[in-house]
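Chain residues, written in single-letter form:
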Amino acid sequence: MVEKSVSSVIELIRTVGHHLNDGLQRLGFAARFFVMVLVYSGQSFRRLHLTIREIYFSGFQSLLIILVSGLFIGMVLGMQGYETLQRYGSSEALGVLVALSLTRELGPVVAALLFASRAGSAITAEIGLMKATEQLTAMDMMAVNPIARVVAPKFWGGVISMPLLAALFSAIGVFGGYLVGVVLIGVDEGAFWSQMQGSVDFRYDVWNGVVKSFVFGVAVSLIAVFEGYDAVPTAEGVSGSIKRTVVYSALAILALDFVLTSFMFRGL
Amino acid sequence: MSRKLLDLWVGFFVLLGFASLLFLALRVGNLSSANFAETYQLTAKFDNIGGLKVRGPVKSAGVVVGRVTEIRFDPESYEAVTTLTIDSRYRFPKDTFASILTAGLLGEQYIGLDAGGDEKMFKSGDVVAKTQSAVVLEKLISQFMFNKASEGPDKK
């Protein structure tokens, strides 16, 4: 009886250790994979059309979802912001509220979340399926390095697209806020823009947002290509990888956002 | 898809991205107005700066002529020392009065410069001698209360 309970406790501890070891091993593999991608990324710039192709698939094709969601988020911000600000008689500050919340937080974060589910999952699916149908192995047999030929261009395509998409998201969001605030509700147009320009600093607010979206771009692209490359080469395995790409990307984006925000916007 | 069409769309996408960044910089942010071409620095000491912040505006007659670039505490005179960076297009006489004012009832605080009549103008690094501190609401209210209290018995 005692022996049995002792052995079940040991089993429990072993399970915890097993999961931890597994996770650490995968993390280490991901870190080595990241280094490999960086080492072999020379080709994705020498043969630039590979990267341009990936920018088309992950950047240009995400334009629609980014622009539409940005517009609506800006419009909602305008409406909710006005609702709250007019209670304190400062509805002219609407422009500040919309612009600051978009450039600092919502632009990079929401654009990255959308990018992860629109482009990240597609990257994982493509690489995972190439692995499942043994195309990656075939490339290796033909002395073509699959990381240099397939993975690195996809990674850099994502890294380049992400800051541009985030900037587009913020810009169209500000326009959405302008549509609702000034055109629909009737906040004074001059105050809307001048107060916005008075409080939004380029280096402090806009540039920090760009830095954020660049970091998110690296994280999401790395997770997407790694999960695809590491996929179990079956139909089930690829679907599991896609699921993990979306979940891990979302968690990484939100956690990184907290870390970056606490470094960038500490008081002052 | 042909290579040319692909290049076209990607170029379109990248240009659109940079255009929106430019929009954020110039229309949303203050890149166009914050950086004055040539500037000079003045120092002003205040007993109390209230809620003045670094990057706060310096205005004269309501027009932004510069920015507050540094605020520090002088441990010897127990005063706040502010550094003002002023656009060198604007020259101010030596007896200019600097005061901390508030935009609106609860708005942001800024430094107002009231030009005097002196012949000599400020040079870079000069100290603004005449300053007036921020109005602290609590002190104002307590002053009012004391006045009321001292008036109190007479009225009866």
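Residues numbered from 1 in each chain as written. Chains lettered and ligands numbered in written order. Predicted model: local features only at pLDDT ≥ 70, side-chain atom pairs only at ≥ 80, totals over all residues. Heavy atoms only, no water.

Enquirer: Before we move on, can you summarise the overall build of chain B with the specific residues and values?
Expert: Along the backbone of chain B there are 3 helices and 8 strands. In chain B, the share of contacts with a sequence separation of at least 24, taken over all contacts with a separation of at least 6, comes to 62%. Per element, the accessible surface of chain B, about 9900 Å² overall, is 59% carbon and sulfur. (Helix = DSSP H or I, 4+ residues; strand = E, 2+ residues; numbered from the N terminus. Contact = heavy atoms within 4.5 Å. Areas by Shrake-Rupley, 256 points an atom, 1.4 Å probe, with all protein chains shown as cover.)

Enquirer: I'd love a proper account of the nonpolar core, names of residues and values included.
Expert: What tends to happen in soluble globular proteins is that the nonpolar side chains get buried as a cluster. In terms of nonpolar packing, the biggest core is built from 54 residues, with A:Met196 and B:Phe13 touching the most fellow members. Put simply, the parts of the chain that give this core at least two residues each are helix 3 (48-59), helix 4 (63-85), helix 5 (94-132), helix 7 (146-185), helix 8 (189-199), helix 9 (202-229) and helix 10 (235-264) of chain A together with helix 1 (3-28) of chain B. Broken down by element, this core gets its largest block of residues, 14 residues, from helix 5 of chain A. When neighbours within four sequence positions are excluded, A:Met196 is seen to be in contact with A:Gly95, A:Val96, A:Ala99, A:Val174, A:Ala191 and B:Val28. Counting residues in each nonpolar core, the second largest holds 20 residues, with B:Val58, B:Ile86, B:Phe92 and B:Ala134 among its members. (Core = buried A, V, L, I, M, F, W, Y, C linked by side-chain atoms within 4.5 Å. Buried < 20%, exposed > 50% of the residue type's maximum accessible area, 1.4 Å probe, protein only.)

Enquirer: How would you sum up the interface of chain B and chain A? Please name residues and give values.
Expert: Tallying the contact residues gives 24 residues for chain B and 28 residues for chain A. Carbon and sulfur atoms supply 78% of the area that chain B and chain A bury against each other, a total of about 2500 Å² over both sides. Seen at the junction of chain B and chain A, the total is 0 salt bridges. Each residue belonging to the side of chain B that touches chain A can be placed in one class, and the counts come to 16 nonpolar, 4 polar and 4 charged. (Buried area = accessible area lost by both parts, 1.4 Å probe. Salt bridge = Lys/Arg side-chain N within 4 Å of Asp/Glu carboxyl O. Nonpolar A, V, L, I, M, F, W, Y, C, P; charged D, E, K, R; others polar.)

Enquirer: Give me the side chain of B:Asp74: which residues, what numbers.
Expert: Here B:Asp74 lies in strand 3 (residues 63-74). Among the polar contacts listed, one links the side chain of B:Asp74 to the backbone nitrogen of B:Glu76, at a separation of 3.1 Å. (Polar contact = N/O pair within 3.5 Å; in protein donor to acceptor, adjacent residues only side chain to side chain.)

Enquirer: So, the packing of aromatic side chains: which residues are in play, and what are the values?
Expert: Within the structure shown, the criterion is met by 19 aromatic pairs over all chains. Ring centres of A:Phe60 and B:Phe12 lie 6.3 Å apart, and the angle between their planes is 70°; on these two criteria the pair is classed as edge-to-face. Taken together, the residues A:Phe60 in the loop between helix 3 and helix 4 and B:Phe12 in helix 1 connect one chain to another. By relative accessible area, which is 16% here, A:Phe60 ends up buried. (Phe/Tyr/Trp six-rings, centres within 6.5 Å; stacked < 30°, edge-to-face > 60°.)

Enquirer: Which residues make up helix 3 of chain A, and what values go with them?
Expert: End to end, helix 3 of chain A covers 15 Å across 12 residues, agreeing with the expected 16 Å (1.5 Å per residue, within 8%). Taken residue by residue, helix 3 of chain A has A:Leu50, A:Thr51, A:Ile52, A:Glu54, A:Ile55, A:Tyr56, A:Ser58 and A:Gly59 as its buried positions. Tucked into the core, helix 3 of chain A has its buried residues touching helix 2 (42-46), helix 4, helix 5 and helix 7 of chain A together with helix 1 of chain B. (Expected span 1.5 Å × (residues − 1).)

Enquirer: Before we move on, could you go through the confidence of the model for chain B and cite the residues and values that matter?
Expert: The share of residues in chain B with pLDDT of 70 or more is 89%, and the mean pLDDT across the chain is 83. We note a pTM of 0.76 for the whole complex and an ipTM of 0.79 for its interfaces. (pLDDT = per-residue confidence, 0-100.)

Enquirer: Could you give an account of the sheet that holds strand 3 of chain B, with specific residues and numbers?
Expert: Pairing is mixed in the open sheet, where 8 strands are placed in the order 7-1-4-3-2-6-5-8 (chain B). Each end of this open sheet is capped by a strand with a single partner; those strands are strand 7 (127-128) and strand 8 (130-132) of chain B. (Pairing = 2+ DSSP bridges.)

Enquirer: Report on the pairing of strand 2 (residues 57-60) of chain B, specifying residues and quantitative values.
Expert: Residue and element names in this part refer to chain B. Relative to strand 3, strand 2 runs antiparallel, the two being bridged by 4 bridges. The residue of strand 3 that forms the bridge with Lys59 is Val64. Both strand 2 and strand 6 (residues 109-114) contribute to a ladder of 2 bridges, which runs parallel. The partner of Val58 across the bridge, within strand 6, is Ile111.

Enquirer: Go over the environment of B:Arg55, please, and point to the residues and values.
Expert: Along the chain, B:Arg55 falls in the loop between strand 1 (39-46) and strand 2. Assessed through its relative accessible area of 38%, B:Arg55 is described here as partly exposed. As a C-alpha pair, B:Arg55 and B:Glu70 span 15 residues in sequence and 8.1 Å in three-dimensional space. Setting aside residues no more than four positions away along its own chain, B:Arg55 makes contact with A:Asp201, A:Tyr204, B:Arg67 and B:Val68.

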